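Observations on chain architecture
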Amino acid sequence: MADTGTDGTAMPAPHDPEDDMPLAELDARARADAALRRIRAGADPAREAFDLANTMNDETVGRLTNAVRRFFRR
């Protein structure tokens, strides 16, 4: 979504570098902030929520898997 300037012309929304980073490189708060910015800019809220939850779930499963592997290696 573009904002309108004082003269009525459309101004592009500010671009945040986090929007271009892979989700795995951002911490949870930064990912949530980036998703909210994209939603405010007109992105599909359901898709953003799905992507955010899916990424966080993948990270949790990965951490759990690594912990179980470390446990059984001992």
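Everything in this summary refers to the structure shown in the same document. These numbers were taken from a predicted model, which means no experiment stands behind them.

Calculation criteria
Residue numbers here run from 1 along each chain, matching the order of that chain's written sequence. Given that this is a predicted model, residues contribute local features only at a pLDDT of at least 70 and side-chain atom pairs are listed and counted only at 80 or more, while totals for whole chains, interfaces and linings are drawn from all residues. The side-chain quantities take in all heavy atoms of the structure and omit both hydrogens and water. Within this document, salt bridges are pairs made up of a side-chain nitrogen of Lys or Arg and a carboxyl oxygen of Asp or Glu, the two lying within 4 Å of each other. Only runs of H or I of at least four residues qualify as helices and only runs of E of at least two qualify as strands under DSSP, and these elements are numbered from the N terminus. Burial classes follow relative accessibility: with a 1.4 Å probe on protein chains only, a residue under 20% of its type's maximum area counts as buried, one over 50% as exposed, and anything between as partly exposed. Helix span is expected to be 1.5 Å times the residue number reduced by one. Of all possible arcs, the one meant is that of the directions from the helix axis to the C-beta atoms. We call two residues contacting when some pair of their heavy atoms lies within 4.5 Å. Pairs of N or O atoms are called polar contacts if they sit within 3.5 Å, as long as, within protein, a hydrogen donor faces a hydrogen acceptor (for residues adjacent in sequence, only side-chain-to-side-chain pairs).

1. Some details on the pattern of salt bridges
A complete count under the given rule lists four salt bridges for this structure. When the shortest N-O distance is used, the salt bridge between Arg-31 and Glu-59 registers 3.1 Å. Taken as a pair, Arg-31 in helix α1 (residues 28–40) and Glu-59 in helix α2 (residues 45–73) lie far apart in primary sequence, 28 residues in all. You can call Arg-31 buried: its relative accessible area is 3%. In this structure, Arg-47 engages Asp-51 in a salt bridge whose closest nitrogen and oxygen atoms are separated by 3.4 Å. Pair noted here: Arg-47 and Asp-51 are both in helix α2, with a separation of four residues, about one helical turn. Arg-47 sits in the partly exposed class, given a relative accessible area of 46%.

2. Regarding α1
Count 3.6 residues to each turn of an α-helix, and residues three or four apart come out pointing the same way. The end-to-end C-alpha distance of α1, which contains 13 residues, comes to 18 Å, matching closely the 18 Å that a straight helix rising 1.5 Å per residue would cover. Listed as buried for α1 are Arg-31, Ala-34 and Ala-35. End-on, the buried residues of α1 take up no more than an arc of 100°, which puts them together on one face. Across from the buried face of α1, at angles greater than 90 degrees, the exposed residues are Arg-29 and Arg-40. Elements in contact with the buried residues of α1: α2. A positive backbone phi angle near 110° is found at Gly-42, which sits one or two residues after α1.

3. Quick look at the side chain of Glu-48
Tracing the chain through its elements places Glu-48 in helix α2. Under the relative-accessibility criterion, Glu-48 is labelled buried at 11%. Reaching out from Glu-48, the side chain makes a polar contact with the side chain of Arg-38 at a distance of 2.9 Å. Contact partners of Glu-48, with chain neighbours within four places excluded, come to Ala-35, Arg-38, Ile-39 and Ala-43.

4. Brief notes about the environment of Leu-52
Inspection of the secondary structure puts Leu-52 in helix α2. A residue is classified by how much of its surface remains accessible, and Leu-52, at 18% relative accessible area, is buried. Between the C-alpha atom of Leu-52 and that of Arg-31, which follows or precedes it by 21 residues, the distance is 7.1 Å. Setting aside its immediate chain neighbours within four residues, Leu-52 contacts Arg-31 and Ala-32.

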